[in-house]
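Survey of secondary and tertiary structure
Each chain is listed here by its residues.
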Amino acid sequence: MTPQTILLILIALAIANYGFEIVLEILNLKESKKPLSQEAGAIYEPEKYKKSMEYQAVQTKFGFISGGFSFSISLLFLALGGFGWLNDLLLPYIADNSFRALAFFGILFIVSDIISIPFQWYGTFVIEEKFGFNKTTPKLFVLDKIKGYALGALLGGVLLYLLLLLLTTLGTQFWWVFWLVITAFMLFMNMFYTTLIMPLFNKLTPLEEGELRLAIEEYSKKVDFPLTNIFVIDGSKRSSKANAFFAGFGKKKKVVLYDTLIENHSIEELVAIFAHEVGHYKKKHIIGSLVSSILQTGAMLYIMSLFIFNKSLSIALGASELQLHLNLIAFTMLYAPISFITSIFSNVVSRKNEFEADRFAIETTNPNDLPKALKKLSVDNLSNLQPHPAYVFFHYSHPPLLKRLEAMKK
Ligand SMILES: [Zn+2]
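Scope of this entry: the structure provided in the associated data block.

The rules we used
Residues numbered from 1 in each chain as written. Predicted model: local features only at pLDDT ≥ 70, side-chain atom pairs only at ≥ 80, totals over all residues. Heavy atoms only, no water. Buried < 20%, exposed > 50% of the residue type's maximum accessible area, 1.4 Å probe, protein only. Helix = DSSP H or I, 4+ residues; strand = E, 2+ residues; numbered from the N terminus. Pairing = 2+ DSSP bridges. Donors = N, O, S within 2.8 Å, 3.2 Å for Na, K, Ca; no water. Tetrahedral: all angles 85-135°; square planar, octahedral: opposite > 155°, others 65-115°. Salt bridge = Lys/Arg side-chain N within 4 Å of Asp/Glu carboxyl O. Core = buried A, V, L, I, M, F, W, Y, C linked by side-chain atoms within 4.5 Å. Contact = heavy atoms within 4.5 Å.

**Some details on the pairing of strand 2 (residues 230–233)**
On strand 2, burial covers both faces: Ile230 and Val232 on one face and Phe231 and Ile233 on the other are all buried. Pairing analysis gives three bridges linking strand 1 (residues 204–206) to strand 2, with the strands arranged antiparallel. Residue pairing across strands places Leu204 opposite Ile233, the latter belonging to strand 2. When strand 2 meets strand 4 (residues 254–258), the two strands line up parallel, connected through four bridges. The residue of strand 4 that forms the bridge with Phe231 is Val256.

So, in structure tokens, the structure goes:
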């Protein structure tokens, strides 16, 4: 295939993907404007519901503007050979291929982030602020950025350097060695994310003694869940939106509750939410999704090994000879249709897992508590009660509230 054909394919893929997302967003926005069913109407107060619709509309429109802007810039950059140009620009200063690649990705990352800062700022300090969610201060926003850059440079830099090293020393055989490396990294992150990474951004404290802790301990005993760590995270530092999640496995497993969740829910509701998280553990969802992402990564790396040394990819991006970092970018774009399909698959599995965890929770607690908690959460977060089914199919990792309530009634 000629480089020109490859470039045309890359442009076509980018446009198709963007067009598809726009169609989904429009469908979703239209759907949310349809009158609510009686059941859904009982969940929201009319005033609050109006606010939630307004929130959906504002977010969607803002997404069109910010998404359209970054799409146009990326497309222009790609079509005009910007990637090759940036590499040529660095060439006289950094002769070493691997270090040039690190600088290349570093610059791309920082420049694209800086371009999007006005949008991130507007999203946080105007939109989220207007709907009463924002708790982030400008100082925290800047600190988060700096920490994020440092962490990205450290973790991304090390992994990228290893990948390039393996590519240059092992040739097409790099894929299975790097697969082992990345698997080890994923396992490590899964176990230590809440101990090493999260504390850089948030404070995690063990849930204090008291009524809630007692109720959770009692529940854990009842369902034979080896309770080691329940933590409270200060999510209120950034947003009033609430959440809870399960992290790690083996001895490192943790249930993390947002302080905003604890504030707004009764003990019974919190135990039901905790029970849902325990359900994920009991039904082996945590291990399942980890294994699935390890397998997906292996498949991707193998397919990458078939393309990564193809000189035409670099030339399509505007270089004059093979440059592995340009090929990495071209490959990521070519792989987009496959990752689109694997993400659909992951979302389907994830939504099925949510139903199972809900089922586990209502079978082991008072069956009214989880529905009550989920309704409250949806209203507080101004969730969309009527997303378009196609939007749900492609994007939702959790089933919409009404579907969950319906499933729990059975
Ligand atoms: Zn869940």
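Moving on from the coordinates now.
**A few points about the coordination of the zinc ion**
Protein coordination of the zinc ion is provided by His276 (NE2), His280 (NE2), Glu354 (OE) and Glu354 (OE), with donor distances spanning 2.0 to 2.6 Å. One can describe the donor arrangement at the zinc ion as irregular, given that its four donor atoms subtend angles of 53 to 135° at the metal. Spacing between the donor residues of the zinc ion along their common chain follows H-x3-H-x73-E. Taken as a pair, His280 in helix 10 (residues 267–282) and Glu354 in helix 13 (residues 324–364) lie far apart in primary sequence, 74 residues in all. Comparing His280 with Glu354 shows no difference in burial state: the two are buried.

**Comments concerning the pattern of salt bridges**
Under the definition given, this model contains 11 salt bridges. In this structure, the salt-bridge partner of Lys145 is Asp113, at a minimum N-O distance of 3.2 Å. In this pair, Lys145 is assigned in helix 6 (residues 138–170) and Asp113 in helix 5 (residues 97–130), connecting sequence segments 32 residues apart. For the salt bridge of Asp144 with Arg238, the shortest nitrogen-to-oxygen distance reads 2.7 Å. In this pair, Asp144 is assigned in helix 6 and Arg238 in the loop between strand 2 and strand 3 (244–247), connecting sequence segments 94 residues apart. The exposure class of Asp144 is buried, given its relative accessible area of 17%. Shared partners join several salt bridges into a network, and the residues in it are Glu354, Asp358 and Arg404.

**Focus on the nonpolar core**
In terms of nonpolar packing, the biggest core is built from 46 residues, with Ile216, Tyr219, Leu261, Phe274 and Leu370 touching the most fellow members. Elements with a contribution of two residues or more to this core: helix 8 (211–222), strand 2, strand 3, strand 4, helix 10, helix 13, helix 14 (369–380) and helix 16 (401–409). With residues near it in sequence (within four places) discarded, Leu261 still touches Ala242, Asn243, Ala244, Leu270, Ile273 and Leu377.

**Here we look at the pairing of strand 4**
With respect to burial, strand 4 is a largely interior element, five of its five residues being buried. Along strand 4, one buried face is formed by Lys254, Val256 and Tyr258 and the opposite face, lined by Val255 and Leu257, is buried too. Relative to strand 4, strand 3 runs antiparallel, the two sharing four bridges. Residue Ala247 lies in a different strand from strand 4, and its bridge partner there is Lys254. In sequence, strand 3 turns back onto strand 4 through a hairpin of six residues, with Gly248 there showing a positive phi of about 75°.

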